[in-house]
Amino acid sequence: ENPHLRVVVNTDGQVTSAYDKRAARHLITPGETANQLIAFEDRPICWDAWDIDASYEERSEIVQGDTDIQVTETGPLRATIEIKTKWRGSTIRQKIHLSAHSTRLDFVTDVDWHEQHTLLKAAFPTSIEATNAEFDIQWGRITRAATRDTPFDAARFEVPAQKWAQVRDETLAVAVLNDCKYGYDVQRGTIRITLIKSSTSPDPNADQGAHSFTYSLFCYD
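Predicted, not measured: the structure shown is a model, and the values here were computed from it.

What counts, and at which threshold
- Residues numbered from 1 in each chain as written.
- Predicted model: local features only at pLDDT ≥ 70, side-chain atom pairs only at ≥ 80, totals over all residues.
- Heavy atoms only, no water.
- Pairing = 2+ DSSP bridges.
- Helix = DSSP H or I, 4+ residues; strand = E, 2+ residues; numbered from the N terminus.
- Buried < 20%, exposed > 50% of the residue type's maximum accessible area, 1.4 Å probe, protein only.
- Polar contact = N/O pair within 3.5 Å; in protein donor to acceptor, adjacent residues only side chain to side chain.

**Q** So, the sheet that holds strand β16 (residues 183–187): which residues are in play, and what are the values?
**A** Strand order in this open sheet of six strands is β5-β4-β10-β17-β16-β13, and the pairing throughout is antiparallel. Here the strands that pair on one side only, and so sit at the sheet edges, are β5 (60–62) and β13 (159–160). As judged from the two bridges shared by β13 and β16, these two strands associate in the antiparallel manner. Opposite V159, over in β16, you have Y184 as the bridge partner.

Pasting the structure below:
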């Protein structure tokens, strides 16, 4: 907790509550969990390393396993919770940082990845009722529908973007930031960032081994 945010994390490392004190609003839909890691079976018909087929959501699994969680920092400048999860043949380590006077919650992530044909995403079900989402692109931003009500919008389920994706209403914006990832999907108020793809063609060892990246939950009015 700091002067701006109050955050609750469960024993699986998922955020069960993030409350913006300034706006007096919950950033996460009550009853939902954010920073939920989801693994999807990813076997596109063509272009294994590049395509994601629309049917990928039919086969998914919440990444949960042997988890160790502990508070590692409680100083005046930053609080940190560290989580280590073993799942299948992989290990995921995260440090969740909340800095003093910040509205940004950081997820500093190190992964030892040994899965194939598995697409890893982190989900943030925000409390924003959104029909559109905005994405950072080179030299600007783009707006896409946050619904899949038409065949045209449904076909654009994965958005190539750069540093952020956000949803907003008249009083608040909630964004997921990142330092090196390039794929998002947004449906209604839920933002999911694509973290690892792990194809096997043309490189049979793609994405195997060590990964280091940071993504963040951020809000502003």
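So that's the structure; there's more coming.
**Q** How would you summarise the side chain of T80 if you had to cite specific residues and measurements?
**A** Within the element layout of this structure, T80 appears in strand β7 (residues 78–87). Classification of T80 as buried rests on a relative accessible area of 2%. Looking at T80, its side chain comes within polar contact range of the side chain of E73, at 2.9 Å.

**Q** Help me get a handle on the sheet that holds strand β2 (residues 15–20), residues and values and all.
**A** Note on sheets: strands pair through backbone hydrogen bonds, and any given pair is parallel or antiparallel. The sheet built from three strands is open, its strands ordered β1-β2-β3 with antiparallel pairing. Two strands close off the open sheet at either side, each with one partner strand: β1 (5–9) and β3 (25–26). Pairing analysis gives five bridges linking β1 to β2, with the strands arranged antiparallel. Within β2, the position partnered with L5 by the bridge is D20.

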